[in-house]
Amino acid sequence: MHVSRDFSHYVRTAGEGVQHIDLAVEGVHCAGCMAKIERGLSAIPDVTLARVNLTDRRVALEWKAGTLDPARFIDRLEELGYKAYPYETESAEATEVAESRFLLRCLGVAAFATMNVMMLSIPVWSGNVSDMLPEQRDFFHWLSALIALPAAAYAGQPFFRSAWRALSARTTNMDVPISIGVCLALGMSVVETINHAEHAYFDAAIMLLTFLLVGRVLDQNMRRRTRAVAGNLAALKAETAAKFVGPGEISQVPVAAIHPGDIVLLRPGERCAVDGTVIEGRSEIDQSLITGETLYVTAGQGTPVYAGSMNISGTLRVRVSAASEGTLLAEITRLLDNALQARSRYMRLADRASRLYAPVVHATALVTILGWVIAGAGWHDAIVTGVAVLIITCPCALGLAIPTVQTVASGAMFKAGVLLNSGDAIERLAEADHVVFDKTGTLTLPDLEVMNAADIAADIFELAGRLALSSHHPVAAAVAQASDAGSPIVGAVEEAGQGVRAVVDGIEIRLGRPSFCGAETLVSDVTNLDPEASVVAFSKGSEKFILSVRQGLRPDAQAVIAALKARNIGIEILSGDREPAVIAAAHALGIPEWRAGVTPADKIARIEVLKARGMKVLMVGDGMNDAPSLAAAHVSMSPISAAHLSQATADLVFLGRPLAPVVAAIDASRKALHVMRQNLWLAIGYNVLAVPVAISGVVTPLIAAAAMSGSSILVMLNSLRARSASREIV
Amino acid sequence: MEILVILVPLALMLGLAGLVAFLWSLRSGQYDDLDGAAWRAIADDEPPQEAPAKR
């Protein structure tokens, strides 16, 4: 059967006769990789552009239209030692990129204006105490207005828009006092300039915008980096399917190019990427990603299969049904939507701070104005003092207090193997006091392990591993990996649904079902010991061996559970798997609380019960059946091996085999929350000092500028302390 | 003080030139890959190519 790869879905035209494709590349870390890839790809004739983006871990390629097949680039990268997958920009990521460019442009404009207005302000400040002519001062003020007003109108857009959105929804956020402060400061300065006054606050207003934009840009960059990694993950998971394009011809196409009614081929060891019904073939399928159940399901003609199930033994032909028609998925999606709505009710620390902050500041300004009027000052002077209070309390440091810590902490977590999906996850994770684990794929590793390898002679085990290389069966793959076998045995024959056999040195060896190897009598010993394991037999002539294969616990699971207990965090297991399997895991890890055979709706119900008791639940899970409960929990984590839907729902995603990132993330976020609170107190403390000065009416623009930049720098420096979080975790 | 007539516009022009340069660098994608740019500066020069590929 002829198999071709079709990437035309990902290729776009980039100008006259040039085609463009983006590839997500695994394992690009340094300048060396970058140079190697760019040179290797540029060496292909007719390639006009090969450029690596180290931040996003992607390669952009352009070539003369019609001369090259994109599959060739992937093969070339494979030769160079990198795995690459075509990458399609999601619209969400494109918006994010546009947004971050806009913010950077605003920051550029605001910084330019700040520097130039400062250049004009300093002569005024020194001139006010020496011999500057009033005409010269007015000239400088008018020039400042000329720069600051258009610059603020442009660079203030992100704040004005967000404040307007909040006000029209009849709520308030941090941007409301910012917008009011900036507008009043600019308006008052113009009036003062017309009246030939000594002080104008153009510099303070535009400097405030600059500092706040720094915070926004940092925040945006963090989100953009996370989204790029998440986008690559989606591409690396290679959502492709083998579609029949002719009676005997199949083509490997992206899932996006598959339509209902198409027929796809599902080979043993492949994960199904579509929903559909089996029309031909018999096999066993593993639906653990969808239901949590580790026992295989027999599939024959008419059996529905869902995206995410793994085909185990036979080849299946599947007719694709509409993506969302599967009742199971539809149910999960419905639960997910409800849970996500509940999630959005969480109020972020910054918003809580601003809800307190805005009324207090505005009331203080109002009281100042009235106070001065009652004390006998003119309306003009009283209003100028009131506006000065608003300027000096403008939440410059408050605006930086949280994004700077988030940026630093997410960098530290990134190094510990944890990716953040949402910015406020740090705050929520720091509050977690109860962890709910899923079992399959979360506490256990997603791939199978040979449990009794030590009981078998090394040379026999290696022979079994070499034989296993000839089979596609996942159990065989586990045996091959455990034995580190390198070279497959020549002439091995696979008998579908039975096993593999070969002849070595005149002796027949077999690997497969116990009946295939004539080892039924040995089976009961092993299954009595470990009811959860799958059993595979190996025979060499008349010698028979039994291998027990199962999903092993993550290597450090026990230590992580102990570390969580030491931190006074409650732990329980909620699994869709059968009771004996869950008991075994709970017992091995010393977790007293567990529930087995739980449906997605039951998981949510249990989490709601815990929530009602006032617990902040961290849900760690990977299966499709976990997605709704991940969304329902206060905060959630998924391993990188998780189903797509779960990964998109989880707040944090952790990489690699160990479970330690869970503890590392909790520690880092607790530290980060501590620093955030400290920053907020620093900002408030500064206000407590500065406000009396402002109320007394002696604030000059010089004092305002110095106080503003001083507090901002203090907060930024303090944020850097969130970096030093990597203590020994377990 | 007549010198201000020259110096102030001159200062503003310099500032504007900086802003224009920043906006140009942003538009030409120089901020898209900050990690990579840091390394490119110290990377070896590429060996001369036989066919100069321009786009």
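In this text the structure is predicted, and so the values were computed from the model without any measurement. All residue numbers refer to position in the chain's written sequence, counted from 1. Chain letters and ligand numbers both follow the written order, the letters beginning at A and the numbers at 1. Thresholds applied to this predicted model are a pLDDT of at least 70 for local features of residues and 80 or more for the giving and counting of side-chain atom pairs; totals over whole chains, interfaces and linings are not thresholded and use all residues.

Draft legend 1. Quick look at the overall build of chain B. Going along the chain from the N terminus, every DSSP run of H or I of four or more residues is numbered as a helix, and every run of E of two or more is numbered as a strand. Scanning chain B for helices and strands turns up two helices and zero strands. Counting over 55 residues, chain B shows a buried share of 0%. Partly exposed residues are those whose C-beta has more than 12 but fewer than 20 other C-beta atoms within 10 Å; 20 or more makes a residue buried and 12 or fewer makes it exposed, with C-beta atoms placed from the backbone.

Draft legend 2. Seen up close, the pairing of strand 6 (residues 83-87) of chain A. All names here are of chain A. Burial analysis of strand 6 places four of its five residues in the buried class, the great majority of the element. In this structure, strand 3 (residues 18-26) lies alongside strand 6, joined through five bridges in antiparallel fashion. Bridge pairing links V25 to A84 in strand 6. A pair of strands counts as paired when DSSP detects no fewer than two bridges linking them.

Draft legend 3. Representation of the interface of chain B and chain A within the structure. Contacts here follow a simple rule: the backbone-placed C-beta atoms of the two residues must lie within 7 Å. Between chain B and chain A, the residue contacts involve 21 residues of the former and 23 residues of the latter. Throughout, the ten residues Ala, Val, Leu, Ile, Met, Phe, Trp, Tyr, Cys and Pro are labelled nonpolar, Asp, Glu, Lys and Arg are labelled charged, and all others, Gly among them, are labelled polar. Looking at the side of chain B that touches chain A residue by residue, the class counts come to 13 nonpolar, three polar and five charged.

Draft legend 4. Broad picture of the confidence of the model for chain A. Averaged over all residues, the pLDDT of chain A equals 80, while 89% of them reach at least 70. For every residue, the predictor states its confidence as a pLDDT score lying anywhere from 0 to 100. Mean pLDDT across the secondary structure elements of chain A bottoms out at helix 9 (residues 327-343) of chain A, with 55, and peaks at helix 4 (residues 134-155) of chain A, with 92.

Draft legend 5. Just the sheet that holds strand 14 (residues 310-311) of chain A, in detail. Residues and elements named next belong to chain A. Spatially, three strands are ordered 12-11-14 in an open sheet, and the strand pairing comes out antiparallel. Each end of this open sheet is capped by a strand with a single partner; those strands are strand 12 (297-299) and strand 14. With two bridges joining them, strand 11 (residues 283-286) and strand 14 adopt antiparallel strand pairing. By the bridge assignment for strand 14, I285 is matched with N311.

Draft legend 6. Spotlight on helix 5 (residues 157-168) of chain A. All names here are of chain A. To estimate how far a helix should reach, multiply one less than its number of residues by 1.5 Å. Between the first and last C-alpha of helix 5 there are 16 Å, a value that for twelve residues agrees with the 16 Å anticipated at 1.5 Å per step. Residues P158, F159 and A163 constitute the buried set of helix 5. Buried residues of helix 5, viewed axially, fall in a sector of 120°; they line one side. Facing away from the buried side of helix 5, by more than 90 degrees, are the exposed residues R161, R165 and S168. Just downstream of helix 5, R170 is the residue with a positive phi angle, here 55°. Along the arc lie the directions from the helix axis toward the C-beta atoms.

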